[in-house]
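Working through the structure, step by step
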Amino acid sequence: MPATLHPKLRVAAVQAAPVFLDLDATIDKTIALMKEAAKQGAQLVAFPETWIPGYPWWIWLNSPAMGMQYVQRYNDNSLVVGSAEFQRLAQAARDIGIWMSTGYSERAGGSLYIAQALFDDQGRVVKTRRKLKPTHVERTVFGEGDGSDLAVMPTAIGNVGMLACWEHLQPLSKYAMYAQNEQVHIGAWPSFSLYRGAAHALGAEVNNAASQVYAVEGGCFVVAPCATVSKEMHAMLCTDDLQRQLLLEGGGFARIYGPDGASLGTPLGEKEEGLVLADIDLGTISLAKTAADPAGHYARPDVTRLLLNQTPGDRVVSQVPAGMAAPVAANEAVAAEPAVAMAE
């Protein structure tokens, strides 16, 4: 019998700053980095949390009232799923022939969400997801995801999952991903340059450790892109000495980890932009899982179990009573035939 073939691929974690608060220019930069990753042989490239149009750092630097100056611009430059800008990313993945995961601020109706999207090398959308619970003051900007966002997708390059930032400190969410036999995990992070020296939990040591532990716990490869704060961003956001102390330039600590926790690839300097690259072999996951499979032989379901509700959290659920025609939206043409009512 022929041996099972396990995907082997080169992956790239992006370490860079977006063109802050500029949707189109950041997409241009995204495509340029996708091309560079492909040029260096990568089959998968991953971008940081809220890469498009950048992380809203002002929420950590001043009062909500002072942050209102950014609100309209941030909303206007957030990405709408299915929009022309979104399709540019899909088309780029197809044209370049590369798998791509990106973080973005998603605009849906009147709300924003911390979101991630995975495109395959044919430009097809494999998955879009939202961060389940924005962290701390992020909740002044972003709404919440739901259980359908804890998903691992079987693909040609392995079982791929995505989480953002401190979702990697949520034990139950992590276990939900491990239980779906995740093989390639994309853990997207913002810059690690906030409150340095004053809040150790926000720094690179702790958060890269979270990515590393995720790899060991899940027995999977972790691609952890990390953004930087550019000089231009710093000058825009930090207008006094206190703010310049609270948020530093740089903060880029992109990493890739193997299922044994080994650091793969060559890290960049924290102010340096570029790619961390590594060649991975999914066949080696069995070595890690032989020692510890948290949702398999190393579990004790008779003692502890996880209840995972993956029902989408639809805000509005329309119900049409039997015998009634479905209402027609104001911007839709009236159909030639009456709508068929759905029985309860």
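Just above sits the structure.
What this report covers is the structure whose coordinates are included nearby.

Scoring rules and cut-offs
- Residues numbered from 1 in each chain as written.
- Predicted model: local features only at pLDDT ≥ 70, side-chain atom pairs only at ≥ 80, totals over all residues.
- Heavy atoms only, no water.
- Helix = DSSP H or I, 4+ residues; strand = E, 2+ residues; numbered from the N terminus.
- Rg over C-alpha atoms; globule rule 2.2 N^0.38 Å.
- Buried < 20%, exposed > 50% of the residue type's maximum accessible area, 1.4 Å probe, protein only.
- Salt bridge = Lys/Arg side-chain N within 4 Å of Asp/Glu carboxyl O.
- Pairing = 2+ DSSP bridges.
- Contact = heavy atoms within 4.5 Å.
- Axes fitted to C-alpha atoms, helices over the stretch in contact; angles between N-to-C directions.
- Lys, Arg positive; Asp, Glu negative; His and termini not counted.
- Polar contact = N/O pair within 3.5 Å; in protein donor to acceptor, adjacent residues only side chain to side chain.
- Patch = residues over 30% accessible without salt bridge, like charges linked within 9 Å, V, L, I, M, F, W, Y side chains within 5 Å.
- Areas by Shrake-Rupley, 256 points an atom, 1.4 Å probe, with all protein chains shown as cover.
- Core = buried A, V, L, I, M, F, W, Y, C linked by side-chain atoms within 4.5 Å.
- Parallel < 35°, antiparallel > 145°, perpendicular 65-115°, else oblique.
- Left-handed = near helix turned anticlockwise from the far one by under 90°.
- Nonpolar A, V, L, I, M, F, W, Y, C, P; charged D, E, K, R; others polar.
- Expected span 1.5 Å × (residues − 1).
- Arc of directions from axis to C-beta.
- Right-handed = clockwise from strand over helix to strand, strands pointing away.

**Notes on the overall build of the protein chain**
Within the protein chain, the secondary structure is distributed over eight helices and 13 strands. By the compact-globule yardstick of 20 Å for 344 residues, the protein chain fits well, its C-alpha radius of gyration being 21 Å. On the principal axes, the C-alpha backbone points of the protein chain span a range of 65 × 65 × 45 Å. Relative to its 344 residues, the protein chain shows a buried fraction of 49%.

**Considering the pattern of salt bridges**
Applying the stated rule across the entire model yields 13 salt bridges. K174 serves as the salt-bridge partner of E217, at 3.2 Å between the closest nitrogen and oxygen. Here the residue E217 occupies a position in helix 5 (residues 204-218), and K174 occupies one in helix 4 (residues 171-178), the gap between them amounting to 43 residues. Judged by relative accessible area, K174 falls into the buried class, the value being 10%. Among the ionic contacts, a cluster of salt bridges with common partners joins E49, K131 and E138.

**Quick notes on the sheet that holds strand 12 (residues 263-264)**
Strand order across the open sheet formed by six strands is 6-7-8-9-11-12, with mixed pairing between neighbours. In this open sheet, the two edge strands, each paired with only one partner strand, are strand 6 (152-155) and strand 12. Contacts from helix 5 reach strand 7 (158-164), strand 8 (184-188), strand 9 (221-224) and strand 11 (255-257), with the element oriented near 25° to strand 11.

**Section: helix 4**
Of all the positions in helix 4, only S173, K174, A176, M177 and Y178 are classed as buried. On its buried face, helix 4 sits against strand 6, strand 7 and helix 5.

**Quick look at the side chain of K127**
Relative to the elements of secondary structure, K127 occurs in strand 5 (residues 125-130). Here K127 occupies a buried position and makes no salt bridge, while the nearest side chain of opposite charge, D149, is found at 4.9 Å. One polar contact links the side chain of K127 to the main-chain carbonyl oxygen of S148, over a distance of 3.0 Å.

**What to know about a nonpolar patch on the surface**
Where nonpolar side chains cluster on the molecular surface, the patch consists of L172, L306 and L308 and spans about 250 Å² of accessible area. Within the fold, L308 resides in the segment after helix 8 (285-291).

**Notes on the nonpolar core**
Of all hydrophobic cores here, the largest spans 43 residues; its most connected members are V11, L44 and L118. Leave out the neighbours within four places in its chain, and L118 touches L44, W99, M100, S101, R124, V125, V126, K127, M153, V160, M162 and I186. Ranked by size, the runner-up nonpolar core spans 27 residues in total, among them I31, W51, L79 and M100.

**Examining the environment of V137**
In this fold, V137 is placed in the loop between strand 5 and strand 6. Considered as a pair, V137 and P64 are 73 residues apart in the sequence and their alpha carbons are 9.6 Å apart. For V137, the residues in contact, after removing those within four places along its chain, are I59 and W60.

**A look at the packing of helix 1 (residues 23-39) against helix 3 (residues 84-96)**
Packed helices, taken two at a time, are described by their axes: the angle between them and the distance between them. Viewed as axis vectors pointing N to C, helix 1 and helix 3 meet at an angle of 15°, and their least axial separation amounts to 10 Å. Between helix 1 and helix 3, the interaxial angle falls into the category roughly parallel. Remark: the crossing between helix 1 and helix 3 carries right-handed chirality. Side by side, helix 1 and helix 3 meet where L23, D24, I27, D28, T30, I31, M34, K35 and A38 of the first sit next to E85, R88, L89, A92, A93 and I96 of the second. Here the contact of helix 1 with helix 3 is built from residues that sort into nine nonpolar, one polar and five charged.

**Considerations on helix 3**
Under the 1.5 Å per step criterion, the end-to-end length of helix 3 is 18 Å for 13 residues, consistent within 8% with the ideal 18 Å. Buried residues of helix 3: F86, L89, A90, A92 and A93, and no others. One side of helix 3 holds all its buried residues, which, seen down the axis, span an arc of 155°. The outward face of helix 3, more than 90 degrees from its buried face, is lined by the exposed residues A84 and D95. The elements touched by buried residues of helix 3 are helix 1, strand 3 (99-108), strand 4 (111-119) and strand 5. Looking one or two residues past helix 3, G97 carries a phi angle of roughly 75°, positive in sign.

**Notes on the pairing of strand 1 (residues 8-16)**
Summarising burial for strand 1: seven of the nine residues are buried, a large majority. By the bridge criterion, eight bridges tie strand 1 to strand 13 (residues 274-281) in an arrangement that is antiparallel. Residue pairing across strands places R10 opposite D279, the latter belonging to strand 13. Pairing between strand 1 and strand 2 (residues 44-46): three bridges, direction parallel. Across the sheet, the residue bridging to V11 is L44, located in strand 2. With helix 1 bridging strand 1 and its parallel neighbour strand 2, the resulting β-α-β unit is right-handed. Sheet topology places strand 1 next to strand 10 (residues 226-227); two bridges connect them, and they run parallel. Of the residues in strand 10, the one forming a bridge with Q15 is C226.

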